[in-house]
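# Structure at a glance
These are the residues of each chain, in order.
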Amino acid sequence: MKERRRQMAPELSVVIVSYNVRDFLRKCLLSILPERTDFTFEVIVADNCSSDGTEEMMRSEFKSVRFIKNEKNLGFSEGNNRCFKIANGKYFLMLNPDTEIKAGALQLLMDRCKKEANECIVGPLLLNTNGSLQRSAWKIENLFHFFLDIFYLKNILAGPLYSKDMFSREFYPEALSGAALFFPRKIYEMTSGLDSGMFWMEDTDLCYRAKRSGAKCIFFPGAEIIHHSGKSAVQNLRITIPNQLVSKLKFTKKHRSQGSFFFSAVFFFIIIGVRVVIFFFLSPFTPLFRAKRKAYTYAMKKWFLFVFKNDRAIL
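Here goes a summary of the coordinates provided.

Rules used throughout
Residues numbered from 1 in each chain as written. Predicted model: local features only at pLDDT ≥ 70, side-chain atom pairs only at ≥ 80, totals over all residues. Heavy atoms only, no water. Helix = DSSP H or I, 4+ residues; strand = E, 2+ residues; numbered from the N terminus. Expected span 1.5 Å × (residues − 1). Buried < 20%, exposed > 50% of the residue type's maximum accessible area, 1.4 Å probe, protein only. Contact = heavy atoms within 4.5 Å. Salt bridge = Lys/Arg side-chain N within 4 Å of Asp/Glu carboxyl O. Phe/Tyr/Trp six-rings, centres within 6.5 Å; stacked < 30°, edge-to-face > 60°. Lys NZ or Arg CZ within 6 Å of the ring centre and 35° of its normal.

## What to know about helix H12 (residues 287–309)
Its 23 residues give H12 an end-to-end C-alpha distance of 32 Å, which sits within 8% of 33 Å, the value for a rise of 1.5 Å per residue. Looking only at H12, the buried set comprises Ala-295, Tyr-296, Tyr-298, Ala-299, Met-300, Lys-302, Trp-303 and Phe-306. For H12, the elements touching its buried residues are helix H10 (237–255) and helix H11 (258–282).

## A closer look at the pattern of salt bridges
One side chain can pair with another of opposite charge once the charged atoms of both are near each other. Within this structure, the stated rule accounts for 19 salt bridges. Note that Glu-116 is salt-bridged to Lys-216, the shortest N-O span being 3.3 Å. Of the two residues, Glu-116 sits in the loop between helix H5 (105–114) and strand E6 (120–127) while Lys-216 sits in strand E11 (residues 216–227), which places them 100 residues apart along the sequence. Among the residues examined, Glu-116 registers a relative accessible area of 15% and is labelled buried. Using a relative accessible area of 37% as the deciding quantity, one classes Lys-216 as partly exposed. Close ionic contact of Arg-209 with Asp-205 constitutes a salt bridge, the shortest N to O distance being 2.8 Å. With Arg-209 and Asp-205 both in helix H9 (residues 202–212), this residue pair falls 4 residues apart, about one helical turn. A single burial state applies to Arg-209 and to Asp-205, both of which are buried. Residues participating in the shared-partner salt-bridge network are Asp-195, Asp-205, Arg-209, Lys-254 and Arg-312.

## What to know about unusual backbone geometry
A negative phi angle characterises most non-glycine residues, just as the trans form characterises most peptide bonds. A positive phi angle, close to 60°, is found at Ser-192, a residue other than glycine. Tracing the sequence through the fold places Ser-192 in the loop between helix H8 (185–191) and H9. The exposed category is assigned to Ser-192, whose relative accessible area is 56%.

## Describing the packing of aromatic side chains
One pass over the structure, following the stated rule, counts 25 aromatic pairs. When the centroid spacing of 5.1 Å and the interplanar angle of 70° are considered together, the rings of Tyr-162 and Phe-171 count as edge-to-face. Its relative accessible area of 11% is what places Tyr-162 among the buried residues. Here the aromatic rings of Phe-167 and Phe-219 are separated by 5.0 Å at their centres, their planes lie at 80°, and the arrangement is edge-to-face. Residue Phe-167 is found in the loop between helix H7 (154–157) and strand E9 (175–176), and its partner Phe-219 is found in strand E11; the two are separated by 52 residues along the sequence. A relative accessible area of 0% places Phe-219 in the buried class. Through successive ring pairs, a cluster of aromatic residues spans Phe-84, Phe-92, Phe-183 and Tyr-188. Sitting above the plane of the Phe-306 ring, Lys-253 keeps its charged end 5.3 Å from the centroid.

Honestly, that's just the spatial picture; any functional story needs more than this.
Structure, rendered in structure tokens:
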């Protein structure tokens, strides 16, 4: 019986974690389910307690999709980890809900991954909504990047993104975007999945740990996926901005020296403080600036909680 179950198991599990992006999720699923491949695949959607009718849509329109309703917002990392634990596939595609698979992408990703003896993470070419390039691979930021960011100079003098011309061919970046990552189950077993204490660095952390274990990160432009970037993130800057900043500190503490963590913490204190002041003066002009002032103020609180109490909560 166990042998029969193994034979019936799909080769690929497409894993999606969603939060209040019902209409984008619908488009995403409609781009995946009709795909024709020479392998079988399942789709698993975990919803982080959305309030936009996602559950009703899933139960009425996508009955073939395995659906998990989380009782609270677990965040991106833990939501994906729950899916990985129940997934049956030999390979995983971790996919954002605000994406659309272009025809043939699943087959191309599978074929490319199989060439690497099951020790790789493959990232496809991501396109913006208008079809332009979305740079979806980057160098891992370091102390120098954090220092430059105090003065808003990071992206001018030493940005972590690779140059646009790099994305016209295959290459081996330091990290890949978690909007779409294709990898064998072996990578999950090597890394135990995503770090649930990270948010906005969980993809970089996964790539870093996988590479330390001998795997490759491959940017593969042969497969194309549209990414309507950040549709969940923009709904709550109070969660997004603090986690974008503090997760870089979490990564530094986890993987760098104590000295690097100390100076990084100082630099981020300055970065957050400067932005609190800037958006305090700009806040009377637009609701967006007011939202950013509140978000950076909360980021300062999260900074203190992590630096002095090692509080790794993401919400």
